[in-house]
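A look at the structure
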Amino acid sequence: MKKSWFITLFACVLAMPIAHAADNMKAFPPAEQGMTRHVLQLPKQKDESAFKVELMVGKTVSVDKGNRYFFGGAMEEKNIEGWGYTRYVLSSIGPMAGTLMAVDPDAPKVNRFIPLGGEPYLIRYNSKLPVVVYVPEGVEVRYRIWRAGAKVKNIEPG
């Protein structure tokens, strides 16, 4: 009797984070036709204010090694009415552009991830809600975690 009670309690404790994550996903609609939904659940951190998440959206393309490339387009933050949650949407990805450095025409092409142009797209770190990104089919979503250093320095008056 005690053993079955313990197993039931243990199973409930394990299921709580899964149920909580599933409840959070109710706010995020499925992707529309021609789009895909990407979901990132961040691990809990001791001091989440010291972290940021960089979202990188783009495609893997065969290009030369010497030039720098980027895609046109802009991520939008959209509020989900009634929930107060944010979703990130790239409605369309623009044409690929890049530098025009001369390269050996016989040099082999390489597969590289080519992101959207512009500044890095940093968002607040929050392990309590999933990061949900909607992008056109065929577009990849990658991320990187940024962490503030522990050392804080003064700026001297000048």
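Predicted model, so just to flag it, every value in this text is computed and none were measured.

A short note on the side chain of Asp64
Structurally, the position occupied by Asp64 is in the loop between strand S2 (51-63) and strand S3 (69-71). Although Asp64 is buried, it makes no salt bridge; Lys109 carries the closest opposite charge, 4.9 Å away. Of note is the side chain of Asp64, whose polar atom sits 2.9 Å from the backbone nitrogen of Asn67. A distance of 2.4 Å separates the side chain of Asp64 from the side chain of Tyr69, its partner in a polar contact.

Some remarks on a positive patch on the surface
A cluster of basic side chains, namely Lys44, Lys52, Arg124 and Lys128, defines a positive patch on the protein surface. Inspection of the secondary structure assignment puts Lys52 in strand S2. A relative accessible area of 40% places Lys52 in the partly exposed class.

Procedures and definitions
Residues numbered from 1 in each chain as written. Predicted model: local features only at pLDDT ≥ 70, side-chain atom pairs only at ≥ 80, totals over all residues. Heavy atoms only, no water. Helix = DSSP H or I, 4+ residues; strand = E, 2+ residues; numbered from the N terminus. Buried < 20%, exposed > 50% of the residue type's maximum accessible area, 1.4 Å probe, protein only. Lys, Arg positive; Asp, Glu negative; His and termini not counted. Salt bridge = Lys/Arg side-chain N within 4 Å of Asp/Glu carboxyl O. Polar contact = N/O pair within 3.5 Å; in protein donor to acceptor, adjacent residues only side chain to side chain. Patch = residues over 30% accessible without salt bridge, like charges linked within 9 Å, V, L, I, M, F, W, Y side chains within 5 Å. Areas by Shrake-Rupley, 256 points an atom, 1.4 Å probe, with all protein chains shown as cover. Charge placed at Lys NZ, Arg CZ, Asp CG, Glu CD.

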